[in-house]
Amino acid sequence: ASIVNNPALTAWEQRITLDVGATLFINSNTDDPYDGNKVGEGFQGGLLIPSRWCVSTILFQGIWTEAFDMPISDSVNILGGLSKDITDQVSVGMTAHFGYLYGDFVDSDWTASAALGAYYNHGDIAFMQDVRFGVSLNNLGKMYSASEDSLGIKTAKDIRDAVDSGTPAAL
């Protein structure tokens, strides 16, 4: 997942790595056991493959939740990256990111962006050991656009209060 912050960080990896993780989003604000929006899920899987020429990475993320108190809707994102060590101390990298957002709480939207990164391992300086510097340019492209239908977590309470009070015109 480090390629999200700086695509050059994986350049010195020497082993194939597979990372998989999952998360359950549980809406504990409802007492209704039949509420279909009580549980959501998230998934992330990443694969890193070093070769003689470069280190290739791919990251897949998915979120599926329609919980009323967490209206982040559904999204599928894929991120691919390449990194290369230029010298024993310098590496560079780049990534491309594509994603699709959809669901009941937002308008459908898409994203496509790139990132560039560089990393320098200086070594020891006086009393500091293993000093490193990194720089990256992230989110170069189209991000998910703001949607009038995207409520956000902060405003969900206001909307729930308006629905509970019987004043849907406040929405």
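Everything below is about the structure printed above this text.
Residues numbered from 1 in each chain as written. Predicted model: local features only at pLDDT ≥ 70, side-chain atom pairs only at ≥ 80, totals over all residues. Heavy atoms only, no water.

### Quick word on the side chain of Asn77
Logical step 1: Locating Asn77 in the fold gives a position in strand β4 (residues 74–85).
Logical step 2: With relative accessibility at 10%, the residue Asn77 sits in the buried group.
Logical step 3: Side-chain polar atoms of Asn77 contact the side chain of Tyr144, separated by 2.8 Å.
Logical step 4: Those residues within four positions of Asn77 in sequence are excluded, and the remaining contacts are Leu59, Phe60, Gln61, His97, Phe98, Gly99, Tyr100, Thr111 and Tyr144. (Helix = DSSP H or I, 4+ residues; strand = E, 2+ residues; numbered from the N terminus. Buried < 20%, exposed > 50% of the residue type's maximum accessible area, 1.4 Å probe, protein only. Polar contact = N/O pair within 3.5 Å; in protein donor to acceptor, adjacent residues only side chain to side chain. Contact = heavy atoms within 4.5 Å.)

### Describing a nonpolar patch on the surface
Logical step 1: Among the surface-exposed residues, Ile16, Leu18, Val20, Phe43, Leu47, Ile49, Ile58, Phe60, Ile78 and Phe98 lie close enough to one another that they form a single nonpolar patch of about 910 Å² accessible area.
Logical step 2: Looking at the nonpolar patch, the elements that each hand over two or more residues are β1 (17–26), β2 (39–50) and β3 (55–64).
Logical step 3: Looking at the nonpolar patch element by element, the count peaks at three residues for β2.
Logical step 4: Positionally, Val20 belongs in strand β1. (Patch = residues over 30% accessible without salt bridge, like charges linked within 9 Å, V, L, I, M, F, W, Y side chains within 5 Å. Areas by Shrake-Rupley, 256 points an atom, 1.4 Å probe, with all protein chains shown as cover. Salt bridge = Lys/Arg side-chain N within 4 Å of Asp/Glu carboxyl O.)

### Describing the environment of Ser2
Logical step 1: Tracing the chain through its elements places Ser2 in the segment before β1.
Logical step 2: Not counting residues up to four positions away in its chain, the partners in contact with Ser2 are Leu9 and Thr10.

### Considering the sheet that holds strand β5 (residues 90–102)
Logical step 1: Strand order across the open sheet formed by seven strands is β1-β2-β3-β4-β5-β6-β7, with antiparallel pairing between neighbours. Two strands in the sheet have a free side with no partner beyond their single neighbour: β1 and β7 (128–142). Across the sheet, the mean angle separating the axes of adjacent strands is 15° when strand polarity is ignored.
Logical step 2: One ladder, built from twelve bridges, connects β5 with strand β6 (residues 109–125); its direction is antiparallel. Looking at the pairing, Tyr100 lines up with Trp110 of β6. (Pairing = 2+ DSSP bridges. Axes fitted to C-alpha atoms, helices over the stretch in contact; angles between N-to-C directions.)

### Observations regarding the pairing of β3
Logical step 1: Pairing geometry for β2 and β3, over ten bridges, is antiparallel. Within the sheet, the bridge partner assigned to Gly42 lies in β3 and is Ile63.
Logical step 2: Between the end of β2 and the start of β3, which pair antiparallel, lie four residues.
Logical step 3: With ten bridges connecting them, β3 and β4 associate as antiparallel partners. Residue Leu59 lies in a different strand from β4, and its bridge partner there is Leu79.

### Some details on the pattern of salt bridges
Logical step 1: The final tally for this structure, using the stated rule, is two salt bridges.
Logical step 2: Between Lys142 and Asp109 there is a salt bridge whose closest N-O contact spans 2.9 Å. Separated by 33 residues along the polypeptide, Lys142 in strand β7 and Asp109 in strand β6 bring together distant segments of the chain.
Logical step 3: Given the relative accessible area of 11%, Asp109 is considered buried.
Logical step 4: A salt bridge links Arg132 to Asp130, with the nearest nitrogen and oxygen atoms 3.9 Å apart.

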